[in-house]
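# Observations on chain architecture
Chain by chain, the residues run as shown.
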Number of protein chains: 2
Amino acid sequence: MKFCSQCGSGSIVWQVPDGDNRPRHVCGECNEIHYQNPKLVVGSIPVWEDRILLCKRAIPPRYGYWTLPAGFMENGETTPEAAERETLEEANARVEILGLYTVMNIPHTNQVYMMFRSRLLDLDFGPGTESLECELFREDQIPWEELAFPTITETLRLFFEDRRREAYGTHLGDIVHGTRRAEFLPRRPR
Amino acid sequence: MKFCSQCGSGSIVWQVPDGDNRPRHVCGECNEIHYQNPKLVVGSIPVWEDRILLCKRAIPPRYGYWTLPAGFMENGETTPEAAERETLEEANARVEILGLYTVMNIPHTNQVYMMFRSRLLDLDFGPGTESLECELFREDQIPWEELAFPTITETLRLFFEDRRREAYGTHLGDIVHGTRRAEFLPRRPR
């Protein structure tokens, strides 16, 4: 942030406002406080019989890697609506949302992922503008080494585990930087 | 948004950017797109034996009404950390976070609420700067008519129901405008 979106002043300072306890972008002219908050990334796990629909990314970051359809939640929608919309936009796929499956905190990117289980309604899907291709994968066909993000890898890993037991709950956890790569720390309910 | 936060121009237009499908604030000078996304409101249900800790609001909206400790999630934290921090800030109360309890979409205010069950660690609590008072309530003492928000009413209602069965899951649903007041539409997993 270089200029105040309320008054246009270039006197933006990074300081703790009165009565607050952390620094914010504050306008030196009109005193407007510009809050920045985490974003929700919402998507779905589209299932057709024993296969899962993945999309190959046509945009950075992680161009050419496989992902579940997901993206930033928009104003005016609910989280299941966001999951349905992202699945339609990225894979031209119609789904029925079944339940909230993973909630993953990524504090170093200021994001919270929410992935929903879903049922693919037909096989008339295909890449949207942000995908190179879309394809159904059985568990033994998942391109584990070519998945775009740790959130996707961990969501799929949990999903196949739960599918064997036929018991899906809602999984909560954090994606944190490990010594060599990102790791998933589950937070199990007590 | 009146001025561009990147270049300071006052030529902000509300239009659909190329390749997008919904209107955004776009700078007519530098073409910066200013996205706006829903915010996460995170809090906890602090439990001490058969009682719940509520806070009486010292700030608008709903000044003087009772609420569970909750507030906007901050960058750099996880959702359980946000719940713990809000409980400390609003009630000076230390809790152990137990599990994700309710996820409530409020599309008309561009918010998603996430409330966590928590265990109050001691009775050394008291109002923070945003609370007039903090008090423990048994179920039959809850001031149902003086609760601040539908998210709080519905979270408490679900909590007491589940406590009788001693089974807590994660509840997902939407807060929508009913004919006379806001209503909660649960979305049960399938």
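Remember, it's a predicted structure, so these values are computed and weren't measured experimentally.

Conventions adopted
- Residues numbered from 1 in each chain as written.
- Chains lettered and ligands numbered in written order.
- Predicted model: local features only at pLDDT ≥ 70, side-chain atom pairs only at ≥ 80, totals over all residues.
- Helix = DSSP H or I, 4+ residues; strand = E, 2+ residues; numbered from the N terminus.
- Contact = placed C-beta atoms within 7 Å.
- Least-squares fit on C-alpha atoms with pLDDT ≥ 70 in both.
- Pairing = 2+ DSSP bridges.
- Buried ≥ 20, exposed ≤ 12 C-beta atoms within 10 Å, placed from the backbone.
- Expected span 1.5 Å × (residues − 1).
- Nonpolar A, V, L, I, M, F, W, Y, C, P; charged D, E, K, R; others polar.
- Domains from an automatic or database assignment.

## A look at the overall build of chain A
- Looking only at helices and strands, chain A has two helices and twelve strands in total.
- If you list the helices and strands of chain A from N to C, you get β-β-β-β-β-β-β-α-β-β-β-α-β-β.
- C-alpha atoms of chain A, sized along the principal axes, occupy 60 × 40 × 30 Å.
- Pairs at least 24 residues apart make up 59% of the contacts formed inside chain A by residues separated by at least 6 positions.

## Overview of the relation of the copies chain B and chain A
- Least-squares fitting of chain B to chain A yields an RMSD of 0.0 Å, with the superposition described by an axial translation of 0.0 Å and a rotation of 180°. Here the two chains are linked by the operation of a two-fold rotation axis.
- Interface overlap between copies is the fraction of interface residues in one copy that are interface residues in the other; for chain B against chain A it reaches 100%, indicating a shared surface.

## Notes on the sheet that holds strand 3 (residues 33–34) of chain A
- A sheet is described by the order of its strands in space; here three strands give the open sequence 1-2-3 (chain A), paired in antiparallel fashion. Strands at the two margins of the open sheet, each flanked by one partner only, are strand 1 (12–15) and strand 3 of chain A.

## Some points on the environment of glycine 169 of chain B
All names here are of chain B.
- Among the structural elements, glycine 169 can be located in the loop between helix 2 (150–165) and strand 11 (171–177).
- For glycine 169, a count of 15 C-beta atoms within 10 Å translates into the label partly exposed.
- Distance from glycine 169 to glycine 99, taken between C-alpha atoms, is 8.5 Å for residues 70 residues apart in sequence.

## Side note on helix 1 (residues 79–91) of chain B
All names here are of chain B.
- In this model, helix 1 (13 residues) spans 18 Å end to end at C-alpha, consistent with the 18 Å of a helix rising 1.5 Å per residue.
- Within the sequence span of helix 1, burial applies to Thr79, Pro80, Ala82, Ala83, Glu84, Glu86, Thr87, Glu90 and Ala91.
- Taken from the residues just after helix 1, asparagine 92 is the one with a positive phi, measuring 50°.

## Let's talk about the sheet that holds strand 1 (residues 12–15) of chain B
Residues and elements named next belong to chain B.
- Read across the sheet, three strands follow the order 1-2-3 without closing on themselves; strand pairing throughout is antiparallel. Pairing within the sheet leaves two strands with one partner each, and these edge strands are strand 1 and strand 3 (33–34).
- Looking at chain direction, strand 2 (residues 24–27) and strand 3 are connected through two bridges and run antiparallel. Each residue of the ladder has a partner; that of valine 26, found in strand 3, is isoleucine 33.

## Brief notes about the interface of chain B and chain A
- Between chain B and chain A, the residue contacts involve 40 residues of the former and 40 residues of the latter.
- Looking at the side of chain B that touches chain A, the elements with two or more residues in it are strand 4 (39–48), helix 1, strand 8 (95–106) and strand 11 of chain B.
- Top element by residues in the side of chain B that touches chain A is strand 8 of chain B. It accounts for five residues.
- Grouping the amino acids of the side of chain B that touches chain A by side-chain chemistry returns 16 nonpolar, 16 polar and eight charged.

## As for the domain arrangement of chain A
- Annotation of chain A at the domain level lists domain 1 (1–36) and domain 2 (39–186).
- When each unit is reduced to the centre of its C-alpha atoms, the spacing between domain 1 of chain A and domain 2 of chain A is 36 Å.

## Some words on the pairing of strand 2 of chain B
All names here are of chain B.
- As defined by bridge partners, strand 1 adjoins strand 2 across four bridges and the pair is classed as antiparallel. Paired with tryptophan 14 across the two strands is histidine 25, which belongs to strand 2.
- Between strand 2 and the antiparallel strand that follows it, strand 3, lie five residues; asparagine 31 among them carries a positive phi value of about 70°.

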